[in-house]
Amino acid sequence: MNERQSCLKRPDVLSGLTLMGLALFAWVWAGDLPIGTLHQPGAGFLPKHLALVMAVLAALLFVSGCRTRAGSAAGLWSDRAGLARVGGTLAALIGYVLVVETAGYLLTTTALFLVMLRWIGRRGWAVTLTVALLASGGSYLLFARWLLVSLPGGTWVP
Amino acid sequence: MDTLQVLLHGFAVSLDPARIFYCFLGVVLGTIVGVLPGLGPSATIALLLPVTYRLDTVSAIIMLAGIYYGSQYGGSTTAILVRIPGESSSMVTCFDGYEMTRQGRAGPALGIAAISSFIAGTVAVVGLVLVAPPLGRFALAFGPAEYFSLMVLGLTLVAYLGGESLLKALLMAVLGLLLATVGQDPVAGVERYTFDTLALRDGIGLVPVFMGMFGIAEVLATMERPPDQQRLAAPTGFLPTRQDWHDARWPIARGTVVGFFLGILPGGGATVASIASYVTEKRFARNRDRMGKGAIEGVAGPEASNNAAATGSFIPLLTLGIPANVVMAMMLAALTLHGVRPGPLLMQERPDLFWGVITSMYLGNIVLLILNLPLVGLFVQILRIPYPILAPLILLFCLVGAYSTSGQVADVVVMVCFGLLGYLMRKFKFEAAPLILALILGKPMEESLRQALGISQGSFAIFATRPISLVLLLATAASLGAPVVGRALWRRERGSP
């Protein structure tokens, strides 16, 4: 039982299982697409065959992962504080995506810098505010004004 | 007129002060859009098309051409410094370029990128002058069957991009091909894996994928390290050493040849050329064991290749009127807007335009070298910024880059998802390059396959009966078979007493 548990925690075994799941998902989601024939392939021909090949390759990875004596996948993240910084950065990015269209580029970008510099990067308030304002304002001028890139203005802007 | 005469005529056209100015403006703009992620040359040319209507035709095309090949110079800067490819063709420059930066050798990496770009760009212009018409006709012989065989050959490069595990490389390639099927089916228009969202109807954008898998994933991986280990090594020396020159000369030569010929083929382009060059160096470079660990060959070859390809792609446009890629399609639009119909008669009807644009590229390449080399010292100063401050700046560039491709937040979502995927792939030791190569080749490959089968009424014999296609398939078999045979011979030798 213990050996099976440790086998399932190995990196290649976990990757194999995840990719097998992904292949199954791709196969199921391509369910209604016409497969056609070998000589006249339909829209579902490539997705379904690729899902099949992926499932086979993922199964091979799973088996080879079970056979090799590698450490646990949990060992890939040894530093808890490092993991917290990664999680914080991802959370900041997700938050950015969620609010940028509503709050607009300038406000959201300033907030992203505040979070990244003050709470994740542990910088002082003076550096945080200076960099946040300069970066958001400067990038807005560069992209939106000079290079005419359309950036989200925010729904609160008339 | 013989070649020398037409060249002199071309120089007389391009050395006009106003045209020198537009050439300068074009390459400077190109360098800027190359450095800025997301803002590619096609978008810039599209933006500037109405402006060029006021210029004379030769000046307009000289400026637009400068934007394209200038962007190939600029694209490597962010790839080397912060692992964000400014252009898709700089993707492979990230591998060794960024490793060189981590070792404190950002200066030599940027220097060799600029110099190899200059050499390749200049040599490719000579090639353009000498062999443009016959090579243009060769490109015309490429139909769907030949493209499909070429793409299959391209996919075999996966075997060399995969790092330690071939199985993992193949898995990533299949995943890339599967991701390439997202969006409308290229023949029947049926939607696949769009989950009823408008944003995925055109498929997964390459720019958000690059930004995510390289830029975001790199930031996440660096942020994980303790703060005292986040800082990149202080840059030492701004120019390549004598040893760097020695190591880079053959990769530059090989990259130029590979890039020039792949640039001519429609669908090939600078991205595929740079990947092909990287793989060539992985097989032939003197220090091939160091590839991916900061070898200068991994910067010199691909950078030479993408510039040669950018120049080579002008051949089918100018001699046949066929755009080899999206940027060339924009150039075709610009020519049409100015009442010029490119094709076999362009050389006779508008020699001023044909040779003027070509000779302006010599000038543009010199300007780019003069412009880029002194900037190396300035660019490497970016690495002195503490990483906690640099990280949000990199994220900002990625966010704007992804958003600017379509003006939709959906592309930013795609980028963040691929950032997380790229980070996890690093952790679980999967290489990103096979996935990206397959994602690039997937759609045109399926399109060519189905078109070829349509032409042959479902017969696969079309791939074997057309000579170019057959040669490409044989090359594919040789490419796949060589490592297997080599390994078998090595085992036999090892086993023998």
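Summary of the structure given here. (Residues numbered from 1 in each chain as written. Chains lettered and ligands numbered in written order. Predicted model: local features only at pLDDT ≥ 70, side-chain atom pairs only at ≥ 80, totals over all residues. Heavy atoms only, no water.)

What to know about the interface of chain B and chain A
It is common to give the size of an interface as the accessible area lost on bringing the parts into contact. The test is simple: By definition in these notes, contact holds between two residues if any of their heavy atoms fall within 4.5 Å. Defined here as a combined quantity, buried area equals the accessible surface (1.4 Å probe) lost by two parts on assembly, summed across both. We define a salt bridge as a side-chain nitrogen of Lys or Arg found within 4 Å of a carboxyl oxygen belonging to Asp or Glu. Any N or O atom pair separated by 3.5 Å or less is treated as a polar contact, with the protein-specific requirement of one donor-capable and one acceptor-capable atom, and with residues adjacent in sequence counted only for side-chain atom pairs. The numbering of helices and of strands both runs from the N terminus, where a helix is a DSSP run of H or I of at least 4 residues and a strand a run of E of at least 2. Charged residues are taken to be Asp, Glu, Lys and Arg, nonpolar residues to be Ala, Val, Leu, Ile, Met, Phe, Trp, Tyr, Cys and Pro, and polar residues to be all remaining types, Gly included.
Facing the 56 residues of chain B at the interface are 62 residues of chain A. Summed over both partners, the interface of chain B with chain A comes to about 5100 Å²; 82% of that surface belongs to carbon and sulfur atoms. The interface formed by chain B and chain A contains one salt bridge. With a closest N to O distance of 2.9 Å, Lys168(B) and Asp12(A) form a salt bridge. Run the count over chain B and chain A and you get seven residue pairs in polar contact (both at pLDDT 80 or more). Where the side of chain B that touches chain A is concerned, the elements lending two or more residues are helix 9 (166–180), strand 2 (191–192), helix 10 (206–224), helix 18 (387–406), helix 19 (409–427) and helix 20 (433–455) of chain B. Sort the elements by how many residues they give to the side of chain B that touches chain A and helix 18 of chain B lands first, with 11 residues. Taken together, the residues of the side of chain B that touches chain A sort by class into 42 nonpolar, five polar and nine charged.

Digging into the nonpolar core
Generally speaking, soluble globular proteins have nonpolar side chains that are buried together. Residue and element names in this part refer to chain B. The condition is simple: Remark: nonpolar core denotes a set of buried residues (Ala, Val, Leu, Ile, Met, Phe, Trp, Tyr, Cys) joined through side-chain atoms within 4.5 Å. Burial classification: accessible surface area is computed with a 1.4 Å probe over protein chains only, and a residue below 20% of its type maximum counts as buried, one above 50% as exposed, and the rest as partly exposed.
Of all hydrophobic cores here, the largest spans 197 residues; its most connected members are Met-213, Phe-314, Met-331, Met-415, Leu-435 and Ile-436. Per element, the largest residue contribution to this core is 14 residues, and it comes from helix 4 (residues 57–82). When sequence neighbours within four positions are dropped, the list of residues in contact with Met-415 reads Pro-208, Met-211, Gly-212, Ile-216, Cys-398, Leu-399 and Ala-402.

Some thoughts on the side chain of Ser456(B)
With respect to the element layout, Ser456(B) can be found in the loop between helix 20 and helix 21 (462–465). From its side chain, Ser456(B) meets the backbone oxygen of Leu453(B) in a polar contact 3.4 Å long.

A closer look at the environment of Leu198(B)
All names here are of chain B. Note on placement: Leu-198 falls in the loop between strand 2 and helix 10. When its relative accessible area of 62% is taken as the criterion, Leu-198 is described as exposed. C-alpha of Leu-198 to C-alpha of Gly-183: the two residues are 15 residues apart in sequence and 9.3 Å apart in space.

Notes on the packing of aromatic side chains
Note the following rule: When two rings of Phe, Tyr or Trp (its six-membered ring) have centres within 6.5 Å they constitute a pair, described as stacked for plane angles under 30 degrees, edge-to-face for angles over 60, and tilted for the intermediate range.
On inspection of all chains with the given rule, the structure shows 15 aromatic pairs over all chains. Taking the centre distance of 4.8 Å and the plane angle of 55 degrees together, the rings of Trp29(A) and Phe195(B) count as tilted. Remark: Phe195(B) occurs in the loop between strand 2 and helix 10 and Trp29(A) occurs in helix 2 (residues 11–29); the pair is interchain, linking two chains. Judged by its relative accessible area of 45%, Trp29(A) falls in the partly exposed class. Taking relative accessible area as the criterion, Phe195(B) reaches 36% and is therefore assigned partly exposed.

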